[in-house]
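Architecture and fold: a report
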Amino acid sequence: MTALKLLAASGAMLALFSAAALAAPTGYHLVDRVAGPDGGWDYASVDTDNNRVLVTRGTFVMSLDLATGEVNPNFAAAEGVHAAMAVNKGDQVLITNGRSNSVAILDGKTGAVLATIPAGKNPDAATFDTSTGLVLVMNHSGGDITLVDPVAMKAVGTIVIGGVLEAAAVDGAGKAWVNVEDKAEIVAIDLKTRKVLAHFKLIGCEGPTGIAYAPVDKSLITTCDGVAQVIASATGRLIANVKIGDGADGVAFDPVQKLAFVSSGQSGTMSVISISGGKAALIDTVKTQTSARTIALDPRTGRLYMPAAKTAPRVPGATGNPGRIPGSFELLVAGK
């Protein structure tokens, strides 16, 4: 081989190695599976003040002690619960009861109800805003947001949005963005004036559900059917369309690693998206399990928690949901 050919071959090999390095997986994989009682579920959250995970299970809230691995399936009773989150430095827990159109504040240790607060129709996702000290409760069917003061334990206002509301994200400086599922749009809100600022139409996004905010890039990550869209939070400008799995219902953003994690229930995958310098790219796809559609991040460890259960085989010609296999519910844990 001539020196020129050797140089060319070396260059090609170096380029191949560089491409492989860029495409190398993140190292995330399933590191644990924690069994829980049968039943449905919706959102999970990490309560860092009490070092536990809270999982909403329809008629009850389940907790997982991260120090001992102990599961408490009866932390609190609920009425079609969608969201559960620690408030007031973990002394209390706020839950949204979709069936009774209410929000409940619970004792953080015993799960006893301390206050019941009327909300809108079918309260669903909930998000805490540090700048106002309020919890935003998205009324899924009512098309409005109930503002809850967790210290006073009462509702202090309503913001009318319109449409079918899903999750919301906040920047901690008084701005919020909520997904409107049936209109395929994100609505920007000023929480201090409690007014709608703008409607961002999501082109090529069907049924936006999960949403997260990337503070350094000041961008939003929203999950659609088969695609995640990254948009500029100030203008709604599309930054990137990122192919993900089907059936996504949640996204978590790690500001330390500048990574977004999207759980897709139909595909049984967790997409890992890098967001930095005004760019976004899929850098890893982690196999999880079919039905793992919502996700919670522990910001201290970088671990992700996804509720899931195995489903029965679909009978040819049958319609409807084939149902879950009894005894198969697990909280999946992904980490490095």
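Computed from a predicted model, the values in this text were never measured in an experiment.

Some points on the state of the cysteines
- Inspection of every chain in the model, using the stated rule, returns 1 disulfide.
- A disulfide bridge connects Cys205 with Cys224, and the sulfur atoms are separated by 2.1 Å. Since a negative S-S torsion denotes a left-handed disulfide, the Cys205-Cys224 link at about -95° is left-handed. Highlighted residues: Cys205 in the loop between strand 16 (195–201) and strand 17 (211–214) and Cys224 in the loop between strand 18 (219–223) and strand 19 (227–232), separated in sequence by 19 residues.
- Taking the relative accessible area as the measure of exposure, Cys205 reaches 6% and is therefore buried.
- The exposure class of Cys224 is buried, given its relative accessible area of 1%.

Focus on the pairing of strand 24 (residues 279–287)
- Sheet topology note: the strand 23 (residues 269–276)/strand 24 ladder contains 8 bridges and is antiparallel. Bridge assignment links Thr269 to a residue of strand 24, and that residue is Lys287.
- In sequence, strand 23 turns back onto strand 24 through a hairpin of 2 residues, with Gly277 there showing a positive phi of about 65°.

Details of the layout of surface pockets
- Space inside the largest pocket adds up to approximately 1400 Å³.
- If you trace the largest pocket, you find 42 residues lining it, with Met85, Ala126, Thr127, Phe128 and Leu297 closest to the centre.
- Every element with two or more residues in the lining of the largest pocket is listed here: strand 2 (44–47), strand 5 (71–87), strand 9 (123–129), strand 13 (165–170), strand 17, strand 21 (248–254) and strand 25 (296–297).

As for the pattern of salt bridges
- Under the definition given, this model contains 5 salt bridges.
- In this structure, Arg293 and Asp249 form a salt bridge, with 2.5 Å as the shortest nitrogen-oxygen distance. Here Arg293, found in the loop between strand 24 and strand 25, pairs with Asp249, found in strand 21; they are 44 residues apart in sequence, far enough to count as distant.
- The exposure class of Asp249 is buried, given its relative accessible area of 14%.
- When salt bridges that share partners are traced, they join Asp42, Asp249 and Arg293 into one network.

Some details on the sheet that holds strand 16
- One open sheet accounts for 4 strands, arranged 13-14-15-16; its pairing is antiparallel. Edge strands, defined here as strands with exactly one partner in the open sheet, are strand 13 and strand 16. Across this sheet, the average inter-strand angle for adjacent strands is 25°, counted without regard to direction.
- Bridge count for strand 13 against strand 14 (residues 175–180) is 4 bridges, and the pairing is antiparallel.

A look at the confidence of the model for the protein
- Of the residues in the protein, 91% have a pLDDT of 70 or more, and the chain-wide mean is 92.
- Across residues 1–23 the pLDDT falls below 50, and counting only partners more than four positions away or on other chains, this stretch makes 3 contacts in the model.

With respect to the environment of Thr311
- Inspection of the secondary structure puts Thr311 in the loop between strand 26 (304–308) and strand 27 (330–335).
- For Thr311 and Ser291, which are 20 residues apart along the polypeptide, the C-alpha to C-alpha distance reads 8.0 Å.
- Setting aside anything within four residues of it in sequence, one finds Thr311 in contact with Gly323, Arg324 and Ile325.

Some thoughts on the packing of aromatic side chains
- Considering all chains together, one arrives at 3 aromatic pairs under this definition.
- Where Trp177 meets Tyr213, the ring centres are 5.3 Å apart and the plane angle is 10°; that geometry is what we call stacked. Remark: Tyr213 occurs in strand 17 and Trp177 occurs in strand 14; sequence separation between them is 36 residues.
- Take Trp177: its relative accessible area is 4%, and that puts it in the buried class.
- Of the residues examined, Tyr213 reaches a relative accessible area of 15% and is grouped as buried.

So, the pairing of strand 10 (residues 134–139)
- Counting buried positions along strand 10 gives 6 out of 6 residues, so the element sits mostly inside the fold.
- What you see with strand 10 is no split at all: Leu134, Leu136 and Met138 on one side and Val135, Val137 and Asn139 on the other are buried throughout.
- As judged from the 5 bridges shared by strand 9 and strand 10, these two strands associate in the antiparallel manner. The residue bridging Ala126 from the neighbouring strand is Val137, located in strand 10.
- Hairpin connection from strand 9 to strand 10: 4 residues lie between these consecutive antiparallel strands, with Gly133 at a positive phi of about 75°.
- Bridge count between strand 10 and strand 11 (residues 144–149): 5 bridges; the pairing is antiparallel. Across the sheet, residue Met138 finds its bridge partner in strand 11, namely Ile145.
- Counting the residues between successive antiparallel strands, the hairpin from strand 10 to strand 11 contains 4 residues, one of them, Gly143, with a positive phi of roughly 75°.

Rules used throughout
Residues numbered from 1 in each chain as written. Predicted model: local features only at pLDDT ≥ 70, side-chain atom pairs only at ≥ 80, totals over all residues. Heavy atoms only, no water. Disulfide = S-S within 2.5 Å. Helix = DSSP H or I, 4+ residues; strand = E, 2+ residues; numbered from the N terminus. Buried < 20%, exposed > 50% of the residue type's maximum accessible area, 1.4 Å probe, protein only. Pairing = 2+ DSSP bridges. 1 Å grid on protein atoms, 1.4 Å probe; cavity = no way out; pocket = protein on both sides within 12 Å on 5 of 7 lines; lining within 4 Å. Points joined across faces, edges and corners; volume = space filled by probe spheres on them. Salt bridge = Lys/Arg side-chain N within 4 Å of Asp/Glu carboxyl O. Axes fitted to C-alpha atoms, helices over the stretch in contact; angles between N-to-C directions. pLDDT = per-residue confidence, 0-100. Contact = heavy atoms within 4.5 Å. Phe/Tyr/Trp six-rings, centres within 6.5 Å; stacked < 30°, edge-to-face > 60°.

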